[in-house]
Amino acid sequence: MSEIYIADKIIGKNFPPFIIAEMSGNHNQSLERALEIVDAAAEAGAHALKIQTYTADTMTLDIREGEFLISDPSSLWAGKSLYQLYEEAHTPWEWHKPIFDRCKEKGLICFSTPFDETAVDFLESLDCPCYKIASFENTDIPLIRKVACTGKPLIISTGMATVAELDETVRAARESGCDKIILLKCTSSYPSSPEHTNIITIPNMQDLFNVQVGLSDHTLGIGVALASIAIGATVVEKHFTLSRADGGVDSAFSMEPVELKALIDETERAWLSLGQISYGPTEEETKTLVFRRSLYVVKDIQAGDVFTTENVRAIRPGYGLPPKFFELLLGKKIRKDIQKGTPLNWDILE
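To keep things clear, this report deals only with the structure shown in the data block. Residue positions within a chain follow its written sequence, with the count starting from 1. pLDDT decides what is reported in this predicted model: residues at 70 or higher carry local features, side-chain atom pairs at 80 or more are listed and counted, and totals for whole chains, interfaces and linings draw on all residues regardless. Side-chain calculation: all heavy atoms of the structure are included, whereas hydrogens and water are not.

### Observations concerning the overall build of the chain
Only DSSP runs of H or I covering at least 4 residues are called helices, and only runs of E covering at least 2 are called strands; the numbering of each starts at the N terminus. Helix and strand counts for the chain stand at 11 helices and 12 strands. Relative to the globule expectation of 20 Å for 350 residues, the C-alpha radius of gyration of the chain, 30 Å, shows a markedly less compact shape. Note on exposure labels: buried denotes an accessible area under 20% of the residue type's maximum, exposed denotes more than 50%, and partly exposed covers the range between, all computed with a 1.4 Å probe on protein chains only. Each of the 350 residues in the chain was classed as buried or not, and the buried ones make up 46%. Across the chain, contacts joining residues at least 24 apart in sequence account for 65% of those joining residues at least 6 apart. Per-residue and other accessible areas were derived by the Shrake-Rupley procedure at a 1.4 Å probe size, with only the shown protein chains allowed to occlude residues. Accessible surface, the chain: about 17500 Å² in total, of which carbon and sulfur atoms supply 51%. Note that the radius of gyration is over C-alpha atoms, with the globule rule given as 2.2 Å times the number of residues to the power 0.38. Contact between two residues is taken to exist if any of their heavy atoms lie within 4.5 Å; hydrogens are not considered.

Here it is in structure tokens:
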């Protein structure tokens, strides 16, 4: 799996996890709040901020009944029509440039999820450095091909997709000229539960498609994200807001600034801990080898005596013979007087 450059960041197993703060609709229809979210993401240490590019009209029809109404009582958006939800959640296109500019000012990579071809064309005019495909669009092959033709890195959430569907998606992207693909393991429920996240799929997905794989995480907390790093994820995306108490379409499963900072710090620690396959003492451990047990004389003994369980023991520190020689030494004669507290070596035997 090749390393992938997104702006000035390198994505790959030899580099710290790439952390994306997803604004989504948490701007609550305020550009001022959107810019505050950018500032907070940068201060927390995120590497990128992602927005979404659509309008209610590019997403659906303004019909407020039947299948266009969210009727699932367990849904965060129950009772709203799709059109109402997208009207509330969308990021106005005239906000994009101010958001992109603020991200650049704060050292954040800014990119977006386009939901139709017009959004791709618009984002190209802003020199969007990479693109994200949402889970619900991962089977929209014409959209995949349109984005892939830009030649820019493509991040694809895999929620709900079968292996066959993902194969078709990845093939379409590659055939259209995109060889910089990152798949994100994703569970498309809001919020998701850890037991339904199945992140063990991540290394399998890497093997199947020979691409980097990360996590688009809708669970609460950072535990699932940390576990994903341990099994090879190179990217983590989490929804982000200033405060869940402020409400908003995605606030219930979004991280707050303190949590985002913890995610960034702890995922990097998790990545650092992976290291490489290694046995034996590390460089840091070498100086502590002296605290191993070793064989010591524990009573004063004289030349001609023999070693017994009474005068030899395996104790700390580790300057004597290893404990594995204990039984071999028992009954052996001693060639000179030895004081209590002397580490054993082969020179003291007759």
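### Digging into helix α7 (residues 163–175)
A rise of 1.5 Å per residue sets the reference length of α7, with its 13 residues, at 18 Å; its end C-alpha atoms lie 18 Å apart and thus fit the reference within 8%. Considered for burial, the residues of α7 that qualify are Leu-166, Thr-169, Val-170, Ala-172 and Ala-173. Summarising the axial view, the buried residues of α7 lie within an arc of 160°, below the 170-degree limit, and thus occupy one face. In this structure, α7 carries Val-163, Ala-164 and Glu-175 as exposed residues pointing more than 90 degrees from its buried face. Residues of α7 that are buried in the fold lie against α6 (141–148), β7 (154–157), β8 (181–186) and α8 (201–209). A helix is expected to span 1.5 Å multiplied by its residue count minus one. In this description, the arc belongs to the directions extending from the helix axis to the C-beta atoms.

### A word on the layout of surface pockets
Within this model, the largest pocket holds a volume of roughly 760 Å³. Here a cavity denotes a set of grid points, spaced 1 Å apart and computed over the protein atoms alone, in which a 1.4 Å probe fits but from which it cannot get out, and a pocket denotes an open set meeting protein on both sides within 12 Å along at least five of seven lines; residues with an atom within 4 Å of a point are reported as lining. If you go around the largest pocket, you meet 36 residues; those closest to its centre are Trp-77, Leu-85, Tyr-86, Phe-136 and Tyr-190. Counting residues per element, the ones that place at least two in the lining of the largest pocket are β4 (48–53), α3 (82–89) and β10 (235–239). Top contributing element to the lining of the largest pocket by residue count: α3, with four residues. Grid points are joined across faces, edges and corners, and a volume is the space filled by probe spheres set on the points.

### Some thoughts on unusual backbone geometry
Note that the residue after Tyr-190, namely Pro-191, is joined by a cis bond; omega there is -5°. Summarising the element assignment, Pro-191 is placed in the loop between β8 and α8. Backbone torsion omega between Arg-316 and Pro-317 reads 5°, so that peptide bond is classified as cis. By the element assignment, Pro-317 lies in the loop between β12 (312–315) and α11 (326–329).

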